[in-house]
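If you want the building blocks of each chain, they are given just below.
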Amino acid sequence: MPFTSALYSRYINFHLPTQIYCFNIAFTGFIKVWMSYYIYNPKNKISKHPIDSIRKKYYLVRSWIEPMVFLITGLMAGYTIWSRTFFIVIFVAQFIIGRYFEKKHGLKERFK
């Protein structure tokens, strides 16, 4: 990440460094999603403590937010400079998903 972060900060006015940075973050986010599915799969026997299905679903849904936002931002970066403000969607989406799981399932994990 240091290389793409430095590239992005040095050439912030250009689209290509923004795209490289966003795709790098999205790629690592998708790896995090894959690892989450792998860890939560009981066949792999990685976690010794079982997790209830609602909490697992909440964590898996949340893990998709960052890579998708960075992927969309990277795709939009070639068209407009305003794509760099799209990162705020991460916070909005986390809030909305947290509220949904709180109201629908009674989960109190949002602010931990």
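Keep in mind that what you see is a predicted model, and the values were worked out from it rather than measured.

Chemist: I'd like a description of the nonpolar core, backed by residues and values.
Modeler: Grouped together as the largest cluster of nonpolar side chains are 15 residues, with contacts concentrated most on Y21, I65, F70 and F87. Breaking this core down by element, the ones donating at least two residues are α2 (15-40), α4 (65-76) and α5 (88-105). Apart from the residues within four sequence positions on either side, I65 is in contact with I90, A93, Q94 and I97.

Chemist: I'd like a description of α2, backed by residues and values.
Modeler: Its 26 residues place the ends of α2 37 Å apart at the C-alpha level, agreeing with the 38 Å of an ideal helix rising 1.5 Å per residue. When we look at burial in α2, the residues that qualify are P17, T18, Q19, Y21, C22, I25, A26, G29, V33 and S36. Looking at the buried residues of α2, the elements they touch are α1 (2-10), α3 (53-63) and α4.

Chemist: Hey, could you go over the pattern of salt bridges for me, with residue numbers and the actual values?
Modeler: Tallied over the entire structure, the rule returns 2 salt bridges. In this structure, the salt-bridge partner of K32 is E66, at a minimum N-O distance of 3.7 Å. With a gap of 34 residues between them, K32 in helix α2 and E66 in helix α4 connect regions that are remote in the sequence. Using a relative accessible area of 36% as the deciding quantity, one classes K32 as partly exposed.

The rules behind each value
Residues numbered from 1 in each chain as written. Predicted model: local features only at pLDDT ≥ 70, side-chain atom pairs only at ≥ 80, totals over all residues. Heavy atoms only, no water. Core = buried A, V, L, I, M, F, W, Y, C linked by side-chain atoms within 4.5 Å. Buried < 20%, exposed > 50% of the residue type's maximum accessible area, 1.4 Å probe, protein only. Helix = DSSP H or I, 4+ residues; strand = E, 2+ residues; numbered from the N terminus. Contact = heavy atoms within 4.5 Å. Expected span 1.5 Å × (residues − 1). Salt bridge = Lys/Arg side-chain N within 4 Å of Asp/Glu carboxyl O.

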